[in-house]
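Examination of the molecular architecture
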Amino acid sequence: MTENTKNRSLFKWAFFTLAAINVILLILAFVFVMRLVGPIEDNHFVETAPIDREATFTIETTKSKLNGLIANQIEEQDAGVPYVVELGDEFIQFRSEFNLLGQRVPLQMNFKPEVSNNGDVLLLAESVSVGILQLPQDRAMQLIRDYAELPEWVEIHPTDRLAHIKVTEIEVDPKLDFRARTINLKEDEIVFEMLVNE
């Protein structure tokens, strides 16, 4: 046997011995880690903290931003009659016009907003004017209820001089609900809540 062949056999033997030692060390390390860590228990992925399936987000805005949103919504609709809804310092104002004997007559209604306990918005009619004439609020509300095409979530109660805006019934998405929290025109504080349900 030559010196070269002896060296090759020695290196082969050393290589396989080292490989076997590495495999044995890997197996021992694996067994050690498995004993140290242990198996995953059945309740590992079970939530232990209380879960509320409803998430609530607060939406704060200002009169100017809400006026912009309302103006955009009105532009997208084809109501046939021009009208404006604006939040002012004291009232929510509705301005429109109608034809009377071939003349365009301006209509203006001022509402005082309130938030109901369930999160709907109540608009109490404070004044109604047609041209230079002041109309009784209940009669004007009766005309609106009888002749205006209103969404399902708007109810008019003429005897109470009230427009009930059912914010809680406005359907945007089946998983989203809205409710009003604060409408303070003087302080420019308008707060709504959005509820996300599963």
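Before reading on, note that the structure itself is shown above.
One structure accompanies this document, and this report is about it. Just so you know, these numbers come straight off a predicted model, no measurement behind them.

1. A look at the pairing of strand S8 (residues 162-165)
- Covered by surrounding structure in S8 are Leu-162 and His-164 together with Ala-163 and Ile-165, the residues of both alternating faces.
- Bridge count for strand S5 (residues 121-130) against S8 is four bridges, and the pairing is antiparallel. Its bridge partner lying in S8, Val-121 is registered against Ile-165.
- As paired strands, strand S7 (residues 154-157) and S8 are joined by four bridges and run antiparallel to one another. Looking at S8, one finds that Val-154 is bridged to Ile-165.
- Count of turn residues in the S7/S8 antiparallel hairpin: four residues, of which Arg-161 carries a positive phi of about 55 degrees.

2. Describing the layout of surface pockets
- The space that makes up the largest pocket amounts to roughly 2,000 Å³.
- Along the walls of the largest pocket sit 46 residues, with Tyr-83, Val-85, Pro-151, Trp-153 and Val-154 positioned nearest its centre.
- The biggest single contributor to the lining of the largest pocket is helix H2 (residues 63-76), with six residues.
- Of the residues assigned to the lining of the largest pocket, the class counts are 39 nonpolar, four polar and three charged.

3. Quick look at the environment of Phe-94
- Residue placement: Phe-94 occurs in strand S3 (residues 92-100).
- In this view, Phe-94 contacts Tyr-83, Val-84, Val-85, Leu-107, Gln-108, Met-109 and Phe-111; residues no more than four positions away in its chain are not counted.

What counts as what
- Residues numbered from 1 in each chain as written.
- Predicted model: local features only at pLDDT ≥ 70, side-chain atom pairs only at ≥ 80, totals over all residues.
- Heavy atoms only, no water.
- Buried < 20%, exposed > 50% of the residue type's maximum accessible area, 1.4 Å probe, protein only.
- Helix = DSSP H or I, 4+ residues; strand = E, 2+ residues; numbered from the N terminus.
- Pairing = 2+ DSSP bridges.
- 1 Å grid on protein atoms, 1.4 Å probe; cavity = no way out; pocket = protein on both sides within 12 Å on 5 of 7 lines; lining within 4 Å.
- Points joined across faces, edges and corners; volume = space filled by probe spheres on them.
- Nonpolar A, V, L, I, M, F, W, Y, C, P; charged D, E, K, R; others polar.
- Contact = heavy atoms within 4.5 Å.

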